[in-house]
Amino acid sequence: SDGAPGPGHWDADAAAGGLVDLAVPGGAFSGRRAPCLKNPVLGPGVLQAIRIFHTRQPSLAPIPCVPEYGGKVCLGLIPKEFFQFLYPKTGVRGPYVLGTGLILYSLSKEIYVITAETFSAISTIGLLIYVVKKYGASIGEFADKLSEQKIAQLEEVKQASIQQIQDAIDTEKSQQALVQKRHYLFDVQRNNIAMALELTYRERLHRVYREVKNRLDYHISVQNMMRRKEQEHMINWVEKHVVQSISAQQEKETIAKCIAGLKLLAKKAPSQPVL
Amino acid sequence: MNENLFASFAAPSMMGLPIVVLIVMFPSILFPTPSRLINNRLISIQQWLIQLTSKQLLAIHNQKGRTWALMLMSLILFIGSTNLLGLLPHSFTPTTQLSMNLGMAIPLWAGTVITGFRYKTKASLAHFLPQGTPLPLIPMLVVIETISLFIQPMALAVRLTANITAGHLLIHLIGGATLALINISATTAFITFIILILLTILEFAVALIQAYVFTLLVSLYLHDNT
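None of the values given here were measured: they were computed from a predicted structure. Counting restarts for each chain: residues are numbered from 1 in the order of the written sequence. Chains carry letters from A onward and ligands carry numbers from 1 onward, assigned in written order. Selection of residues for local features in this predicted model requires a pLDDT of at least 70, selection of side-chain atom pairs for listing and counting requires 80 or more, and totals for whole chains, interfaces and linings are taken over all residues. Hydrogens are left out, water is left out, and the side-chain values use all remaining heavy atoms of the structure.

### Side note on the packing of aromatic side chains
Right, so step 1: Classification of ring pairs uses Phe, Tyr and Trp, with its six-membered ring standing for Trp, and accepts pairs whose centres are within 6.5 Å; under 30 degrees between planes counts as stacked, over 60 as edge-to-face, and the remaining range as tilted. Counted according to the given criterion, the structure contains 5 aromatic pairs over all chains.
Right, so step 2: Taken together through their ring pairs, the aromatic side chains of Phe-82, Phe-83 and Tyr-96 of chain A make up a single cluster.
Right, so step 3: Above the plane of the ring of Tyr-119 of chain B lies Lys-64 of chain B, whose end atom (NZ or CZ) is 4.1 Å from the centre. Over a ring means this: the NZ of a Lys or the CZ of an Arg is within 6 Å of the ring centre and within 35 degrees of the ring normal.

### Concerning unusual backbone geometry
Right, so step 1: With a phi close to 60°, Leu-75 of chain A is a non-glycine residue in the positive phi region.
Right, so step 2: Here Leu-75 of chain A is to be found in the loop between strand S1 (73-74) and strand S2 (78-79). Here a helix means four or more residues in a row that DSSP labels H or I, a strand means two or more in a row labelled E, and each is numbered from the N terminus.

### With respect to the interface of chain B and chain A
Right, so step 1: The criterion used for residue contact is that any of the two residues' heavy atoms lie within 4.5 Å. Of the residues lining the interface, 28 residues belong to chain B; the matching set on chain A comes to 26 residues.
Right, so step 2: Two parts placed together each lose some accessible area under a 1.4 Å probe, and adding up what both lose gives the buried area. Approximately 2300 Å² of surface area, both sides summed, lies buried where chain B meets chain A, with 76% of it carried by carbon and sulfur atoms.
Right, so step 3: Any carboxyl oxygen of Asp or Glu within 4 Å of a side-chain nitrogen of Lys or Arg constitutes a salt bridge here. Seen at the junction of chain B and chain A, the total is 1 salt bridge.
Right, so step 4: For Asp-144 of chain A, the salt bridge goes to Arg-41 of chain B, with nearest N and O atoms at 2.7 Å.
Right, so step 5: The term polar contact refers here to a pair of N or O atoms within 3.5 Å; inside protein, the definition further demands a hydrogen-donor-capable atom paired with an acceptor-capable atom, and it admits residues adjacent in sequence only when both atoms are side-chain atoms. Between chain B and chain A we count 5 residue pairs in polar contact (both at pLDDT 80 or more) in total.
Right, so step 6: Of all elements in the fold, only helix H2 (41-58), helix H6 (138-182) and helix H7 (186-225) of chain B reach the threshold of two or more residues within the side of chain B that touches chain A.
Right, so step 7: In terms of residue count, H6 of chain B provides more of the side of chain B that touches chain A than any other element does, 7 residues in total.

### Quick notes on the UniProt feature "transmembrane region" (unreviewed entry) in chain B
All names here are of chain B.
Right, so step 1: UniProt positions are given in the numbering used here, feature names are shortened, and annotations may be inferred rather than shown by experiment. Under the UniProt annotation, the feature "transmembrane region" (unreviewed entry) is placed at residues 6-31, 68-92, 98-117, 137-158, 164-182 and 189-222.
Right, so step 2: As annotated, residues 137-158 has a helix share of 95% and a strand share of 0%, and its two end C-alpha atoms lie 30 Å apart.
Right, so step 3: End C-alpha to end C-alpha, residues 164-182 measures 27 Å, and it is 100% helix and 0% strand.

### Some words on the confidence of the model for chain A
Residue and element names in this part refer to chain A.
Right, so step 1: Each residue carries a pLDDT score, the predictor's confidence in it, ranging from 0 to 100. Here chain A averages 83 in pLDDT, while 78% of its residues score no lower than 70.
Right, so step 2: Averaged pLDDT values over the elements of chain A bottom out at 48 in helix H1 (residues 12-23) and peak at 95 in helix H6 (residues 182-245).
Right, so step 3: Low pLDDT, under 50, characterises residues 8-21; the predicted model gives this stretch 17 contacts beyond four residues in sequence or across chains.
Right, so step 4: Note that residues 26-31 has pLDDT below 50 and, in this model, 13 contacts with residues that lie over four places away or in other chains.

### Some remarks on the packing of H2 of chain B against helix H3 (residues 69-86) of chain B
All names here are of chain B.
Right, so step 1: Between N-to-C directions, angles cover 0 to 180 degrees, with each direction set by a line fitted to C-alpha atoms, over the stretch in contact for helices. As a packed pair, H2 and H3 sit with axes 11 Å apart at the nearest point and diverge in direction by 125°. If you check the angle between H2 and H3, you find them oblique. Crossing handedness for the pair H2 and H3: right-handed. Facing H2, whose interface residues are Ile-50, Thr-53, Ser-54, Leu-57 and Leu-58, H3 presents Ala-69, Leu-72, Met-73, Ile-76 and Leu-77.
Right, so step 2: Residue classes follow a fixed rule: Ala, Val, Leu, Ile, Met, Phe, Trp, Tyr, Cys and Pro count as nonpolar, while Asp, Glu, Lys and Arg count as charged, and any other residue, Gly among them, counts as polar. Among the residues making up the contact of H2 with H3, the classes are represented as 8 nonpolar, 2 polar and no charged. Oblique is the label for any angle not covered by the other classes, which are roughly parallel (under 35 degrees), roughly antiparallel (over 145) and roughly perpendicular (65 to 115). The handedness criterion is simple: a crossing whose near helix is rotated anticlockwise from the far helix by less than a right angle is left-handed, and one whose near helix is rotated clockwise is right-handed.

### Observations concerning the environment of Tyr-135 of chain A
Right, so step 1: Tracing the backbone shows Tyr-135 of chain A in helix H5 (residues 116-180).
Right, so step 2: Only 3.5 Å separates the side chain of Tyr-135 of chain A from the side chain of Lys-134 of chain A, close enough to count as a polar contact.

Structural data, given as structure tokens:
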């Protein structure tokens, strides 16, 4: 036989052991199974915390399981076991013959008298049988539906709670995953800052260059201007003196030479076509 | 065997012992206590019916009136179940006895009146005079209202007794008529039997309705006085 008893069966050892344990002052587990409970100050508190949950029927007497469906009946009144009991001796029709015989006997001997009450009985019982046969199943289903609704409500609460916790877990996991990827954000920010710094540095460098170049250009242009002025001045001075140095005689000689040369050219010129 | 029409209403006794006490206590067995969260079909249906009825009955009451919830619900369940059980053949209905109905009606009515007088004395006394009565009629009207007040428990008890007794009596009589007509003319007997069936349906309804009416009136008296 296996160690664990079936549902609803009474485990004598555990019950007896449990009872014995409860009888011992200081808790159900003192000594044998939980030495931590021997402490008189903390023992009772720990006992409450580790009390056994209901794993079996709450009663300590050997009661059988409550059946889910009722026993089978014939004619709504007589259990099928009675028919089974009479079957070996009288066969299938035995109980019916017995019933009919009893009824006819009581009627004929006026043990059961037919009075006004008989007819009211017939009408009442007939009505009841009709109602039960017609609406019995649907009323049963209605009752089952009521129970199912109750269970469904509680189940919904449980499922909602589970769903909530699951959502919380998923959110937490996604948050954790996000934390893993945070370094991308930091890299991008770092890059941004580095670029900004670089940009500012270059900008300033460029500005410095421009300023310096401005100043140098200024000096150069001042120099160039001085040189140009000096050149012009020199050229003017030279021209002036040259013009001054040309005497009237030299001028006349030069002009006469130019005219002679031109006349020479004029003689050569008509032999060539004018282009 | 029933010798006359009165026999079925006599207080039942077996060998000289009054078993009417057992009969009065019997309907309580038919309402099992719900021991678990999800019960069997009988308890589920009873719970649903009680919830429906109590919501309907207690909707009009204030906080004070709702302390009577248990009383009203037990009342309607008791009267309903005893009336319905009385329709079974050869059974005894306690609510056909005027003594028992008076025993239910007078204390309940007196309870409502005394509650009213204790907590809202002026309003309770004001009930004796309807609004807008011309001056010369006032003394007569006060007397009439007093009589009307004191008749309330009597009316409650007699109404229930008369209805249930009349119903049982009719069933008995028409059953007797059917029995007598069977030898004379089967067709007429059959018609009478159909009438009997219709009457039975009516009696089932009356059983429940009377319970409801009783409880409703008690609740109305309560409403006036809280």
